[in-house]
Protein chains: 2
Amino acid sequence: MSMTRLWTALALVAAAGVSLPAAAQFAKPEDAVKYRKGAYQVMAAHFGRIGAMAQGKVPFDAAAAAANADLVVTMSKLPFTAFVEGTSGTDKGSPKASIWTERAKFDEAAKKMQDEVVKLQAAAKTGNAEQVKTAFGAAAGTCKNCHDTYRN
Amino acid sequence: MSMTRLWTALALVAAAGVSLPAAAQFAKPEDAVKYRKGAYQVMAAHFGRIGAMAQGKVPFDAAAAAANADLVVTMSKLPFTAFVEGTSGTDKGSPKASIWTERAKFDEAAKKMQDEVVKLQAAAKTGNAEQVKTAFGAAAGTCKNCHDTYRN
């Protein structure tokens, strides 16, 4: 987006009294890419630690599961403002351009993930390993679903 | 760390009844590097949004400052478990090996940053732009201090 178009957009936004468009939060598309990769990286690490418990690779630790789930919920809210136009690609792991032609469907897939990780957080708070395992599986399914559709 | 040494370490940890060593949270050193880079990336983005207000580049928005400060505080706690041995380097931006020979000093520098961002969070909660500006400057100083000493 050119600076003129950006300022026009910001003026329209100000006039409409709504919050800033997501793209305006990043000075350059590369910044958005780094940000969302960073957010996913942190989310994946903490989600993976719950997964290791769910899969019996490490002993279940209720406090650790809850702390990790809290971080997953926080991180789950972050990447989506960073899917700004001009940041799709064809490399392995990059987002497909269909995100921008089917934005409502993409946002719905994101929302499903966000809802499932909130359920995972609630399950972790119970301290019940079986509930965590079930909720982990459901949440992992929403990751996979979106990756299968929108990730190269 | 070899698997044998890892298991020995884990056995010692289990025997001592303390929590897992940080390194055990990452399967490979590269995972730790990606994780801490991701955490810093997200922290920097949200810290930078407060900075833009502090520097008068965007209008002060108390609610946005508070939301960004909350995320900065959350992220500030994350990178340091990921400074595991074998992850220093000589490239621009990589950590110096002195982190591991002066770990207590490094941890102290990290703690200073964590303390200052908590103060920034408190300042943001007041909704007072001047307080946010002052606290932002102090927090930014702790970033710079640690980068000057421990980052290539």
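Just so you know, these numbers come straight off a predicted model, no measurement behind them. (Residues numbered from 1 in each chain as written. Chains lettered and ligands numbered in written order. Predicted model: local features only at pLDDT ≥ 70, side-chain atom pairs only at ≥ 80, totals over all residues. Heavy atoms only, no water.)

Caption draft 1: Broad picture of the overall build of chain A. Looking only at helices and strands, chain A has 6 helices and 0 strands in total. The N-to-C order of helical and strand elements in chain A reads α-α-α-α-α-α. For chain A, the residues scored as buried account for 38% of the 152 residues in total. Contacts spanning at least 24 positions in sequence make up 67% of the contacts within chain A whose residues lie at least 6 apart. (Helix = DSSP H or I, 4+ residues; strand = E, 2+ residues; numbered from the N terminus. Buried < 20%, exposed > 50% of the residue type's maximum accessible area, 1.4 Å probe, protein only. Contact = heavy atoms within 4.5 Å.)

Caption draft 2: Highlighting the relation of the copies chain A and chain B. Superposition record for chain A on chain B: RMSD 0.0 Å, screw rotation 180 degrees, translation along axis 0.0 Å. One copy is carried onto the other by what is essentially a two-fold rotation axis. For chain A, the smallest separation between a C-alpha atom and the rotation axis is recorded for A:Gly38, amounting to 1.7 Å. Taken as a fraction of all interface residues of chain A, those also at the interface in chain B reach 100%, which identifies the copy contact as same-surface. (Least-squares fit on C-alpha atoms with pLDDT ≥ 70 in both.)

Caption draft 3: Layout of the side chain of A:Gln121. For A:Gln121, the position within the fold is in helix α5 (residues 103-126). Beyond its immediate sequence surroundings of up to four residues, A:Gln121 is in contact with A:Ala69, A:Asp70 and A:Val73.

Caption draft 4: Here's a closer look at the packing of helix α2 (residues 29-54) of chain A against helix α6 (residues 129-150) of chain A. Residues and elements named next belong to chain A. Running from N to C, α2 and α6 cross one another at 130 degrees; their axes reach a closest spacing of 10 Å. Between α2 and α6, the angle is such that the two are oblique. In the packing of α2 onto α6, the handedness of the crossing is left-handed. Every residue of α6 that contacts α2 at Phe47, Ile50, Gly51 and Ala54 is listed here: Val132, Lys133, Phe136, Ala139, Ala140 and Cys143. Classifying every residue of the contact of α2 with α6 gives 8 nonpolar, 1 polar and 1 charged. (Axes fitted to C-alpha atoms, helices over the stretch in contact; angles between N-to-C directions. Parallel < 35°, antiparallel > 145°, perpendicular 65-115°, else oblique. Left-handed = near helix turned anticlockwise from the far one by under 90°. Nonpolar A, V, L, I, M, F, W, Y, C, P; charged D, E, K, R; others polar.)

Any link to function would need more than the numbers given here.
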